[in-house]
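# Per-entry structural report
Below are the chains, spelled out letter by letter.
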Amino acid sequence: MKILVTGGCGFIGSHFLRYMMNAYPDDSFICLDALTYAGNKNNIVDFLHRSRFTMAEGNIRDTVFVDALFATYKPDIVVHFAAETHVDRSITGPQVFLETNVIGTGILLDACLRYGIERFHHVSTDEVYGTLPLQGGSPFTEQSPLHPTSPYAASKASSDLLVLSYYKTYGLPVTISRCSNNYGTHQYPEKLIPLMIQKALQGKPLPVYGDGLNVRDWIHVVDHCKAIDFTLQRGTVGDVYNVGAGEEIPNIKLIKQILDALGKPYELITYVPDRLGHDLRYAIDSSKLESLGWKPEYTMKDTLKGIVEWYRKRL
Ligand SMILES: NC(=O)c1ccc[n+]([C@@H]2O[C@H](COP(=O)([O-])OP(=O)(O)OC[C@H]3O[C@@H](n4cnc5c(N)ncnc54)[C@H](O)[C@@H]3O)[C@@H](O)[C@H]2O)c1
């Protein structure tokens, strides 16, 4: 089996490749990545030079490059992570989010149609559902309406709809997973956890949006990777699967846990004006995937300290 992974030099894509390389020793893997500011070959250095791994540096928005890649490698499965992913950047510069997340996804879908792949798995986010109130409100199910609020979330919702349209219109065998916030090693230090660790290590103020009470639902990155693999094996073509671990934590509580792990004072916490359109709360119901047999294995309580240590040695 040949598996093409887009965005494999980023945070989750690199974990997914590592997990799959170990889990499927007879399969070969191609990583398509543009190496934007968020992509880093060091994230995959432990298997970059293995014979059944190929690094293909290029852009999913480049139709000619994507076509040549499919013609050369003829992948059986495509797992699509490549995206612009930082909400704050989408607020200050939304255009590239539309180009990569929507147009780039469309270019990949066209190539999949032309070359007749077995499965296109689209990695999406719970942010497509928008926000829940801080108190009350049931976790999002796959039936919840799409109400994205940031340009990032809107671009991901658009790509979800495009993917589903290729299933309905052309019969392209697709699946979609919508996952909650991931935590783990190898994340670019603009995202909440590595950013707070970096600032704390530098003894600089930790910028906390608004009152810090916004709630996010967290999952260990390896549990997300296993859920995608599980969806490839057990998911129904044309279906969407929510992925989460039910660990809802207010941002301020998580930041205090990080400071505790680093032995740094809470006085570093500095409240800053709230993010525009800041979603209050995400909570995801993953009972559909769990009913098939998947379940998360890791908890923040057991793993956060080790993750903080990993960043402490590198930031
Ligand atoms: N991080 C999370 O908590 C989270 C949660 C749910 C879903 N997701 C989704 O998972 C996917 C991966 O997220 P991440 O946090 O690992 O992102 P990331 O920003 O760490 O990595 C994105 C990767 O995509 C590559 N890339 C960007 N634009 C590209 C382009 N035009 N062509 C080719 N490669 C390009 C980058 O170089 C990088 O390696 C995204 O689709 C994101 O929406 C992320």
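Residues numbered from 1 in each chain as written. Predicted model: local features only at pLDDT ≥ 70, side-chain atom pairs only at ≥ 80, totals over all residues. Heavy atoms only, no water.

## Some points on the pattern of salt bridges
Using the criterion set out here, one finds 9 salt bridges in the structure. The salt bridge partner of D239 is K288, with a shortest N-O separation of 3.3 Å. Pair noted here: D239 is in the loop between α7 (221–234) and β10 (240–243) and K288 is in helix α9 (residues 287–290), with a separation of 49 residues, a long-range link. (Salt bridge = Lys/Arg side-chain N within 4 Å of Asp/Glu carboxyl O. Helix = DSSP H or I, 4+ residues; strand = E, 2+ residues; numbered from the N terminus.)

## Description of a nonpolar patch on the surface
On the surface, a cluster of nonpolar side chains totalling about 220 Å² of accessible area is made up of L134, L213 and L280. Secondary-structure assignment places L280 in the loop between β12 (269–272) and α9. (Patch = residues over 30% accessible without salt bridge, like charges linked within 9 Å, V, L, I, M, F, W, Y side chains within 5 Å. Areas by Shrake-Rupley, 256 points an atom, 1.4 Å probe, with all protein chains shown as cover.)

## Digging into the environment of Y19
Mapped onto the elements of the fold, Y19 is located in helix α1 (residues 11–23). Owing to a relative accessible area of 22%, Y19 belongs among the partly exposed residues under this scheme. Residues Y19 and K156, 137 residues apart in the sequence, show an inter-C-alpha distance of 24 Å. Contact partners of Y19, with chain neighbours within four places excluded, come to C225, K226 and D229. (Buried < 20%, exposed > 50% of the residue type's maximum accessible area, 1.4 Å probe, protein only. Contact = heavy atoms within 4.5 Å.)

## Let's talk about unusual backbone geometry
Even without being a glycine, K74 presents a positive backbone phi close to 45 degrees. Here K74 lies in the loop between α2 (63–73) and β4 (77–80).

## Observations concerning the site of the ligand
Residues in close proximity to the ligand total 28 residues, the closest being D33, N59, T85, Y152 and K156. With respect to the ligand, the backbone of F11 contributes an N or O atom lying 3.0 Å from an oxygen atom. Within the backbone of F81, a nitrogen or oxygen atom sits 2.8 Å from an oxygen atom of the ligand. For the ligand, whose accessible area on its own is 840 Å², the fraction buried by protein is 96%. (Near = heavy atom within 4 Å. Polar contact = N/O pair within 3.5 Å; in protein donor to acceptor, adjacent residues only side chain to side chain.)

## Thoughts on the pairing of strand β6 (residues 174–179)
Extensive coverage of β6 is indicated by the burial of 6 of its 6 residues. Side chains V174, I176 and R178 of β6 all project onto a buried face; the interleaved residues T175, S177 and C179 project onto the opposite face, where all are buried too. In terms of strand pairing, strand β5 (residues 119–125) meets β6 through 6 bridges, oriented parallel. The partner of S124 across the bridge, within β6, is R178. Handedness of the β-α-β unit built from β5, helix α5 (residues 151–170) and β6 comes out right-handed. As defined by bridge partners, β6 adjoins β10 across 4 bridges and the pair is classed as parallel. (Pairing = 2+ DSSP bridges. Right-handed = clockwise from strand over helix to strand, strands pointing away.)

## What to know about the side chain of H80
Secondary-structure assignment places H80 in strand β4. Overall, the relative accessible area of 1% leaves H80 in the buried class. Among the polar contacts made by the side chain of H80, one reaches the side chain of T105 at a distance of 2.9 Å. With residues near it in sequence (within four places) discarded, H80 still touches T6, I60, T105, L108, F120, H121, H122 and V123.

## Points about the sheet that holds strand β1 (residues 2–6)
Hydrogen bonds between backbone atoms are what pair the strands of a sheet, whose relative direction is either parallel or antiparallel. Taken together, the 7 strands give an open sheet; going across it, the order is β3-β2-β1-β4-β5-β6-β10, and neighbouring strands pair in parallel fashion. Because the sheet does not close on itself, it has two edges, and the strands there are β3 (53–57) and β10. Strand after strand, the sheet turns through a mean of 20 degrees between neighbouring axes, direction not considered. Across 5 bridges, the pairing between strand β2 (residues 28–33) and β3 is parallel. The residue of β3 that forms the bridge with C31 is M55. (Axes fitted to C-alpha atoms, helices over the stretch in contact; angles between N-to-C directions.)

## Remarks on helix α4 (residues 95–115)
Relative to the 30 Å expected for 21 residues at 1.5 Å per residue, α4 spans 29 Å between its end C-alpha atoms, a close match to the ideal helical length. At G104, α4 is deflected by roughly 25 degrees, the largest bend along its length. (Expected span 1.5 Å × (residues − 1). Bend = angle between axes of the 7 residues up to and from the residue.)

## Quick look at the sheet that holds strand β11 (residues 247–250)
Taken together, 3 strands build an open sheet; the order of strands is β7-β9-β11 and the sheet is mixed. Unpaired on one side and paired on the other, β7 (181–183) and β11 mark the two borders of the sheet. Ignoring which end each strand starts from, the neighbouring axes of this sheet average 45 degrees apart. Sheet topology places strand β9 (residues 215–220) next to β11; 4 bridges connect them, and they run antiparallel. Residue pairing across strands places R216 opposite I249, the latter belonging to β11.

## Some details on the packing of aromatic side chains
In the structure shown here, the tally under the stated rule is 9 aromatic pairs. Lying across the ring of Y37, R89 places its NZ or CZ 3.6 Å from the centre. Over the ring of Y282 we find R216, and its NZ or CZ is 4.1 Å from the ring centre. (Phe/Tyr/Trp six-rings, centres within 6.5 Å; stacked < 30°, edge-to-face > 60°. Lys NZ or Arg CZ within 6 Å of the ring centre and 35° of its normal.)

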